[in-house]
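Analysis of the macromolecular model
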Amino acid sequence: MQTHNLGYPRIGSNRELKKASEQYWAGNMTAAQLEQAAKKIRESNWMLQKDAGIDLLPVNDFSFYDQVLDTCLMTGAIPDRYHPLIEKEQMNTLDLLFAMARGYQKNGYDLTAMEMTKWFDTNYHYIVPEFKKDQRFIFFSNKIIDQFNEAKNAGFQTRPVLLGPVTFLLLGKEKEAGFDRLDLLNNLLPVYFEVLEKLDQQGAYYIQVDEPCLALGLGEKALQAIKTTYTAFFKRFPNLRIMLTNYFDCFGANLETVLSLPVHILHLDLVRCPLQLDDILATPAFTNGRTHLSLGVVDGRNIWKNDFEQSLSLIQKATAKIGPGRIWIAPSCSLLHVPCDLDLETGEKTLPQEIKQWLAFAKQKLAEVAALKQIAANPEEALSKTLLEDNARCMKARRTSARIHHQQVKDRVAAITAADARRNSPFFARREKQQQELALPLFPTTTIGSFPQTKEVRSWRAQWKKQQLSDSSYNQLLQEATANAIRRQEAIGLDVLVHGEFERNDMVEYFGEQLAGFAFTQNGWVQSYGSRCVKPPVIYGDIYRPNPMTVAWSVYAQSLTSKHVKGMLTGPVTILQWSFVRNDQPRSLTCNQLALAIRDEVTDLEKAGIRIIQIDEPAIREGLPLRKEQQEAYLNWAVTAFRIAASGVQDQTQIHTHMCYSAFNDSIHAIAAMDADVITIETARSQMKLLDAFAMFEYPNDIGPGVYDIHSPRVPSEDEMLALLEKALEAIPAERLWVNPDCGLKTRAWEETMPALTAMIRAAKTLRKRIMDPVPE
Ligand code: GLN
Ligand code: ZN
């Protein structure tokens, strides 16, 4: 029996890589210093994995940005626009990688960055490969070989990790018409052969090839590509041992093909999909064969301590069938998706000791893998018994903790009825009442919620957290910022105002901190993309809202103006999606608890006189399961949770929702089913293309398609926005069109925000005029 690991977080336990990369980008660090910092992280990661008792260590899991981008460089899939950087500027690979990831505006160049999108159903983002019809591939970057040798020289025998060729092609995009990217496989494979040959020469033995596309429903052609690839690897490299790795879901209908492949080891994610083990063990061709199984029993996607009893039952089941010699034990996927080290959490206030005992971060998960091997291989040893007993005690303590269980919350969720998820009247009836109540003009103008979080605002919060600023002074400053935002919005003539969200650090953390059932980490960072990291809260227990969370801010802002101020909340699905969620009950149940807490806030806002309330759900689309069969069930409970949150109010109260960075085609019916009175979405960057889905579906309620991209400091002109609005009018009837930016403005400066919003309001006014007094024929 062997223990191994598929990948370790590359950011460093104290985010050393983030800090070093940003210093390098700012010009405060040399490339050599950055390389040095990276080398230190890699070495300490290998050391730490070895010390934890891991037999086979990964190499090439490290990246300065992203493993898919690394694969583009390895295979020379470098889009044409960057070629002058190589040919004319003789740019090195490191800078080229950053230019591709972040764009390049120097020395007379203005090169856009490559697109970025979410890695399967995680919050990690990868760089999307760009392919053209006559795409050539060459072995370009030597990183994998260099790092293998680096490890060897440091005394570590490692297993190189490669992104598999089929997943690499499938994750990319065809940048021109007339070809299928899978047809590029024949051009691509020779580069992989070259890499494997070099690794073979350097003394590699095991090779990990990640093909997480196998967790998706694949067509015949993709499956054929898988067959071609792994048969060729086997034939050409009889000395190498290939481990084919899949994670995040079952092999599903791909299983038959996978089991027929001549690979040495098959890795299974048994956390997401424990049942597939039975299918595999019931296949005589497999059990009678020689292929090893890597059992991914330790959750690489969540932060809970492993339940040894449960994992051991899987390990024993497999051992009984094929013997311990063919079994490997591992985390379910790369540990990239969990924070580094629980030992660094020392704050009793953020993360009480009791809860800490229930958790395991990357480093602790490796110890769990090693402990599982110890227990499985030597069940009679005293050490094994102690490990097992300790674990069982932790599991029991968590299950029975008074912190977790609140009977009232459970009863309330159990008592939810269909009526709780329904507004009193259908949209058309609500709409009439809201029009009377709100008296808004045609094409009402609004924003998505946040206004610039300037350095100043952030410094107040930092000082307040360090107790250098009293509660009342902090509050006073926030009130001034809010009043200032209201004055600015009135001055330019927005129709529906917002308070500006100055009191919020983050749209999930802010609510989590005020809800029961949440804990926080001080250092629980997870890479989101490049140097960007997020620190998700931990939902550990039953959720309820002890006190109103936002009412005072909305009421204060409303007291300053006669215009309507929109209340601003984060929706239940988004809070769920951006947290580490408890694994002892279904996600849908936790989501309903959140829905009731937000519902309480919504009704309190209404009671306090707030007429318009926005419930943001930017993450609703990304919660979609990978497999089609499971998607409807998810959309069903997610939409219901939103509706529970939104439906406690009178018809007159207008409910908004907001979404961004979503494709809507596959979920438009669910978005319509949310039945928000108004939805604002991000459409400027796609030039209103995203609206097509709404038009095709004949989306019935009001829509505010974003008319300007908030990601860039660029101030759009009135004409530009007018043109976008006219485009929007082709898809949406005038009386249902709202005018707003793509998303919140917290990352922008006031100097850009004011002129941009002024121009936006002018565009709305021009359009109103055109519609009200059309030019006579
Ligand atoms: N109300 C939030 C804001 O304006 C919405 C953010 C989001 O959609 N990601 O910042
Ligand atoms: Zn948004």
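Computed from a predicted structure; not experimentally measured.

**Digging into the overall build of the protein**
Scanning the protein from terminus to terminus reveals 29 helices and 22 strands. Overall size of the protein, expressed as C-alpha extent along the three principal axes, is 80 × 65 × 50 Å. Within the span of the protein, comprising 777 residues, buried residues form 60% of the whole. For the protein, the exposed surface amounts to about 31500 Å²; the carbon and sulfur share of it is 51%. Distance between charge centroids for the protein: 2 Å, based on 87 positive and 93 negative side chains.

**Let's talk about the site of ligand 1**
The local shell around ligand 1 consists of Ile-448, Gly-449, Ser-450, Glu-501, Met-507, Met-568, Asp-616, Pro-618, His-658, Cys-660, Cys-743 and Gly-744. Contacts to ligand 1 include Ser-450, whose side-chain N or O atom sits 2.7 Å from an oxygen atom. The separation between a nitrogen atom of ligand 1 and a polar side-chain atom of Asp-616 is 2.6 Å. For ligand 1, whose free accessible area comes to 300 Å², the fraction covered by protein is 91%.

**Some details on the sheet that holds strand 11 (residues 292-298)**
Within the open sheet, the eight strands sit side by side as 1-12-11-10-9-8-6-2. Their pairing is parallel. Edge positions in the sheet fall to strand 1 (2-3) and strand 2 (57-59), since each of these pairs with one other strand and no more. Sheet strands in contact with helix 2 (residues 31-51) are strand 2 and strand 6 (158-163), and its direction is about 160° off that of strand 2.

**Brief notes about helix 20 (residues 471-492)**
Taking 1.5 Å per residue, 22 residues should reach 32 Å; helix 20 reaches 32 Å between its end C-alpha atoms and fits that length. Tyr-474, Leu-478, Ala-481, Thr-482, Ala-483, Ala-485, Ile-486, Gln-489 and Ile-492 are the residues of helix 20 that are buried. Looking at the buried residues of helix 20, the elements they touch are helix 19 (455-465), strand 13 (496-498), helix 22 (551-559), strand 18 (564-570) and helix 29 (750-772). Note on helix 20: the residue one or two positions beyond its end, Gly-493, has a positive phi of about 85°.

**Let's talk about empty space enclosed by the protein**
Under the defined criterion, the tally for this structure stands at six cavities of 30 Å³ or more. Space inside the largest cavity adds up to approximately 310 Å³. Taken together, 24 residues form the lining of the largest cavity, with Asn-60, Asp-61, Gln-67, Val-161 and Asp-210 sitting closest to its centre. For the lining of the largest cavity, the secondary-structure elements that each account for two or more residues are helix 3 (67-74), helix 6 (143-153) and strand 6. Per-element tally for the lining of the largest cavity: the top contributor is helix 3, with four residues. Here the lining of the largest cavity is composed, by residue class, of twelve nonpolar, seven polar and five charged. Reported here for the second largest cavity is a volume of approximately 60 Å³.

**Examining the coordination of the zinc ion (ligand 2)**
For the zinc ion (ligand 2), every protein donor is listed as His-658 (NE2), Cys-660 (SG) and Cys-743 (SG), and the spread of their distances is 2.0 to 2.3 Å. Considering all four donor atoms around the zinc ion (ligand 2), angles at the metal cover 91 to 122° and the coordination shape is tetrahedral. Between the donor residues of the zinc ion (ligand 2), the gaps in sequence give the motif H-x1-C-x82-C. In terms of burial, His-658 and Cys-660 fall into one category: buried.

**Structural notes on the side chain of Glu-130**
Relative to the helices and strands, Glu-130 resides in strand 5 (residues 130-131). Reaching out from Glu-130, the side chain makes a polar contact with the side chain of Arg-81 at a distance of 2.9 Å. For Glu-130, the residues in contact, after removing those within four places along its chain, are Pro-79, Arg-81, Met-114, Glu-115, Gln-135, Lys-173 and Lys-175.

**As for the pairing of strand 10 (residues 265-269)**
Taken across its five residues, strand 10 has five buried, putting it largely inside the fold. Side chains of strand 10 alternate between two faces, with Ile-265, His-267 and Asp-269 and Leu-266 and Leu-268 buried alike. In this sheet, strand 11 lies alongside strand 10 in parallel orientation, the contact comprising five bridges. In the sheet register, His-267 faces strand 11, and the bridge partner there is Ser-294.

**With respect to the pairing of strand 6**
Within strand 6, six of the six residues are buried, leaving the element largely enclosed by the surrounding structure. Sheet analysis places strand 2 next to strand 6, joined by three bridges and oriented parallel. Bridged to Pro-58 within strand 6 is Arg-159. As judged from the three bridges shared by strand 6 and strand 8 (residues 206-210), these two strands associate in the parallel manner. The residue of strand 8 that forms the bridge with Leu-163 is Asp-210.

**Considerations on the nonpolar core**
Judged by nonpolar contacts, the single largest core of 145 residues is most densely connected at Trp-119, Phe-168, Leu-293 and Leu-295. Per-element accounting of this core gives the leading share, nine residues, to helix 8 (residues 185-201). The contacts of Trp-119, once residues within four sequence positions are left out, are Gln-67, Val-68, Tyr-124, His-125, Tyr-126, Leu-163, Leu-171, Pro-212, Tyr-247, Phe-248 and His-337. Phe-511, Leu-594, Phe-664 and Ile-681 belong to the second largest nonpolar core, which has 104 residues in total.

**What to know about the sheet that holds strand 19 (residues 612-616)**
Read from one edge of the open sheet, six strands run 13-18-19-20-21-22, paired in parallel fashion. Among the strands making up the open sheet, the edge pair consists of strand 13 and strand 22 (702-705). Averaged over neighbouring strand pairs, the angle between their axes works out to 30° when direction is ignored. Here helix 20 sits on the sheet in contact with strand 13 and strand 18, set at roughly 160° to strand 13.

**Notes on the packing of helix 17 (residues 407-414) against helix 24 (residues 587-607)**
Across the interface, helix 17 lies against helix 24 with an axial gap of 10 Å and an inter-helix angle of 95°. In this view, helix 17 runs roughly perpendicular relative to helix 24, as classed from their interaxial angle. Counted together, Val-409, Arg-412 and Val-413 of helix 17 and Leu-589, Asn-592, Gln-593, Leu-596 and Asp-600 of helix 24 form the full contact between these two elements. Of the residues belonging to the contact of helix 17 with helix 24, the class tally is four nonpolar, two polar and two charged.

**Describing unusual backbone geometry**
You will see that Asn-60, though not glycine, has its phi angle at about 80°, which is positive. Its location among the elements puts Asn-60 in the loop between strand 2 and helix 3. The exposure class assigned to Asn-60 is buried, which follows from its relative accessible area of 13%. Positive phi values are uncommon outside glycine, yet Met-688 reaches one of about 70°. Position of Met-688 relative to the elements: it lies in the loop between strand 21 (678-681) and helix 27 (691-697).

**Side note on the packing of aromatic side chains**
Centre distance and the angle of the planes are the two values used to describe a pair of aromatic rings. Per the stated rule, a full pass over the model turns up 25 aromatic pairs. Considering the side-chain rings of Trp-25 and Tyr-65, the 6.5 Å spacing of their centres and the 45° angle between planes classify their relative orientation as tilted. Taken together, the residues Trp-25 in helix 1 (residues 16-25) and Tyr-65 in the loop between strand 2 and helix 3 connect sequence positions 40 residues apart. Taking the centre distance of 5.8 Å and the plane angle of 40° together, the rings of Trp-46 and Phe-156 count as tilted. You can see Trp-46 sitting in helix 2 and its partner Phe-156 sitting in the loop between helix 6 and strand 6, a full 110 residues away along the chain. For the residue pair Trp-46 and Phe-156, the accessibility class agrees, reading buried in each case. The ring of Trp-525 has Lys-535 lying over it, and the distance from NZ or CZ to the ring centre is 5.5 Å.

Definitions and cut-offs
Residues numbered from 1 in each chain as written. Chains lettered and ligands numbered in written order. Predicted model: local features only at pLDDT ≥ 70, side-chain atom pairs only at ≥ 80, totals over all residues. Heavy atoms only, no water. Helix = DSSP H or I, 4+ residues; strand = E, 2+ residues; numbered from the N terminus. Buried < 20%, exposed > 50% of the residue type's maximum accessible area, 1.4 Å probe, protein only. Areas by Shrake-Rupley, 256 points an atom, 1.4 Å probe, with all protein chains shown as cover. Lys, Arg positive; Asp, Glu negative; His and termini not counted. Charge placed at Lys NZ, Arg CZ, Asp CG, Glu CD. Near = heavy atom within 4 Å. Polar contact = N/O pair within 3.5 Å; in protein donor to acceptor, adjacent residues only side chain to side chain. Pairing = 2+ DSSP bridges. Contact = heavy atoms within 4.5 Å. Axes fitted to C-alpha atoms, helices over the stretch in contact; angles between N-to-C directions. Expected span 1.5 Å × (residues − 1). 1 Å grid on protein atoms, 1.4 Å probe; cavity = no way out; pocket = protein on both sides within 12 Å on 5 of 7 lines; lining within 4 Å. Points joined across faces, edges and corners; volume = space filled by probe spheres on them. Nonpolar A, V, L, I, M, F, W, Y, C, P; charged D, E, K, R; others polar. Donors = N, O, S within 2.8 Å, 3.2 Å for Na, K, Ca; no water. Tetrahedral: all angles 85-135°; square planar, octahedral: opposite > 155°, others 65-115°. Core = buried A, V, L, I, M, F, W, Y, C linked by side-chain atoms within 4.5 Å. Parallel < 35°, antiparallel > 145°, perpendicular 65-115°, else oblique. Phe/Tyr/Trp six-rings, centres within 6.5 Å; stacked < 30°, edge-to-face > 60°. Lys NZ or Arg CZ within 6 Å of the ring centre and 35° of its normal.

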